[in-house]
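Residue-level structural notes
Spelled out from the first residue to the last, the chains are:
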Amino acid sequence: MIALDIFCDWFTGRWNNRAQAHSNPRGQAYVMARHDRISDTEFRCVYHYHRDKTPYRDFTLNINGHDSDIILSDKETKLVYSLYNGAYTCHFDKVIKGKRYVFDSVLANTFYKLNDQCFEGTRLVRGLETGEFYDFRKV
């Protein structure tokens, strides 16, 4: 499936938001991300702050293609990426174990824009304010 191959090629690799963090050091943390395809059907995703060796997120997602959509999923999460204007876009909003998770992303060949939020009630406990995205570039 061509769409799945393109998505995997774009998604795989090392990413960071260095330029964004350096231009706004008080507003953006410097984050490193790594997406490794560990089998035909799985990706391991690891995220850590630039100065930390220990990741703050480390998880494995199953991947499959369905028509033109690409689906990354685990037991509780199903991220559906659709091709729109030359990029894969995804929106996810779900309550899991009493916490609300909101995930928005846009993936293209050279950039990965991401806002991955977690709320307890109305309090933001992880992620950027609504409407703001981490601007990752492939390295």
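Please refer to the structure placed before this passage.
My aim in this report is to walk through the structure given alongside it, one point at a time. (Residues numbered from 1 in each chain as written. Predicted model: local features only at pLDDT ≥ 70, side-chain atom pairs only at ≥ 80, totals over all residues. Heavy atoms only, no water.)

**Description of the packing of aromatic side chains**
In plain terms, the rule: Each pair of aromatic rings taken from Phe, Tyr and Trp, with Trp reduced to its six-membered ring, is defined by centres within 6.5 Å and is described as stacked if the planes are under 30 degrees apart, edge-to-face if over 60, and tilted in the remaining cases. Secondary structure elements follow DSSP: runs of H or I of four or more residues count as helices, runs of E of two or more count as strands, with numbering from the N terminus. Think of it in three bands: with a 1.4 Å probe and only protein chains considered, a residue is buried below 20% of the maximum accessible area for its type, exposed above 50%, and partly exposed in between. Each ring is checked for a lysine NZ or an arginine CZ that lies within 6 Å of its centre and within 35 degrees of its normal; such an atom marks a charge sitting over the ring.
Tallied over the full model, the rule gives 12 aromatic pairs. Pairing F7 with Y81 gives two aromatic rings, centres 5.0 Å apart and planes at 55 degrees, and the pair type is tilted. A residue pair is termed long-range when its members are at least 10 positions apart, and F7 in helix α1 (residues 2-11) and Y81 in strand β6 (residues 78-84) qualify at 74 residues. Neither residue differs from the other here; F7 and Y81 are each classed as buried. Taking the centre distance of 6.3 Å and the plane angle of 70 degrees together, the rings of Y47 and F136 count as edge-to-face. Pair noted here: Y47 is in strand β3 (residues 42-49) and F136 is in strand β11 (residues 134-138), with a separation of 89 residues, a long-range link. Given a relative accessible area of 1%, F136 falls into the buried group. Connected via pairs of aromatic rings, a cluster forms that spans F7, W10, F11, W15, F43, Y47, F59, Y81, Y88, Y112, Y134 and F136. The positively charged end of R100 is found above the aromatic ring belonging to F119, 5.5 Å away from the centroid.

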